[in-house]
Amino acid sequence: MPAVQIFVYLQLLDFLTTLAGFKIGASEASPFIAKLIHISSPALGVAASKIVGLGIGGLCYATGRGRLVGWINYWYAALIVWNLSVIITAASRLAH
């Protein structure tokens, strides 16, 4: 169960860091999420992608593949580090 809690937390962090990146001019690299953003708004598009992600994570857990959620957590942790590095890089460019 801790992997699921971490998964939800990482989804929230990904949502927040993605929106923070948008605020300073970063763009979305995922074509799927970019399409969601294009047909709605940045916040709604990213939120929709998080709902899909949470649904897939819940499906993995419900079908006895909770260990897979633990591995997916590594991906999202790396993604958040990437988002933070993009934010820091963009912020340093804005400062100069």
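Residues numbered from 1 in each chain as written. Predicted model: local features only at pLDDT ≥ 70, side-chain atom pairs only at ≥ 80, totals over all residues. Heavy atoms only, no water.

S.K.: Looking at this structure, I do not really get the packing of aromatic side chains. What am I missing?
M.R.: What describes a pair of aromatic rings is the distance from one ring centre to the other and the angle between the planes of the rings. By the definition in use, this model includes two aromatic pairs. The interplanar angle of 85° and the centroid separation of 6.0 Å between the aromatic rings of Phe7 and Tyr76 together place this pair among those described as edge-to-face. Within this pair, whereas Phe7 is found in helix α1 (residues 2-23), its partner Tyr76 is found in helix α4 (residues 66-95), the two being separated by 69 residues in sequence. Given a relative accessible area of 4%, Phe7 falls into the buried group. Measuring from ring centre to ring centre gives 5.6 Å for Trp71 and Tyr74, while their planes differ by 45°; the resulting arrangement is tilted. Here Tyr74 and Trp71 lie together in helix α4, a separation of three residues that amounts to about one turn. On the accessibility criterion, Trp71 (55% relative accessible area) is exposed. (Phe/Tyr/Trp six-rings, centres within 6.5 Å; stacked < 30°, edge-to-face > 60°. Helix = DSSP H or I, 4+ residues; strand = E, 2+ residues; numbered from the N terminus. Buried < 20%, exposed > 50% of the residue type's maximum accessible area, 1.4 Å probe, protein only.)

S.K.: I would appreciate a short explanation of the packing of α1 against α4 in the present structure.
M.R.: It is at 9 Å that the axes of α1 and α4 come closest, and there the two elements cross at 20°. With respect to α4, the axis of α1 lies roughly parallel. In terms of crossing hand, the pair formed by α1 and α4 is left-handed. Between α1, through Ala3, Val4, Ile6, Phe7, Leu10, Gln11, Leu13, Asp14, Thr17, Thr18, Ala20 and Gly21, and α4, the contact on the second element is made entirely by Val69, Gly70, Ile72, Asn73, Tyr76, Ala77, Leu79, Ile80, Asn83, Leu84 and Ile87. (Axes fitted to C-alpha atoms, helices over the stretch in contact; angles between N-to-C directions. Parallel < 35°, antiparallel > 145°, perpendicular 65-115°, else oblique. Left-handed = near helix turned anticlockwise from the far one by under 90°. Contact = heavy atoms within 4.5 Å.)

S.K.: Just to check I follow, could you spell out the environment of Ala78 for this structure?
M.R.: Note that Ala78 resides in helix α4. Once the C-alpha coordinates of Ala78 and Ser92 are considered, the two residues, 14 residues apart in sequence, prove to be 21 Å apart.

S.K.: Would you take a moment to explain the pattern of salt bridges for this structure?
M.R.: Opposite charge on two side chains lets them pair, provided their charged atoms get close. Scanning the model with the defined rule gives one salt bridge in all. Of the charged contacts, one joins Lys50 and Asp14 as a salt bridge, the two residues approaching to 2.5 Å between their closest N and O atoms. Residue Lys50 is located in helix α3 (residues 42-62), and its partner Asp14 is located in helix α1; the two are separated by 36 residues in the primary sequence. In this structure Lys50 comes out as buried when scored by relative accessible area, which is 8%. Accessibility expressed as a relative area gives 5% for Asp14, which makes it buried. (Salt bridge = Lys/Arg side-chain N within 4 Å of Asp/Glu carboxyl O.)

Geometric values such as these leave the question of function open.
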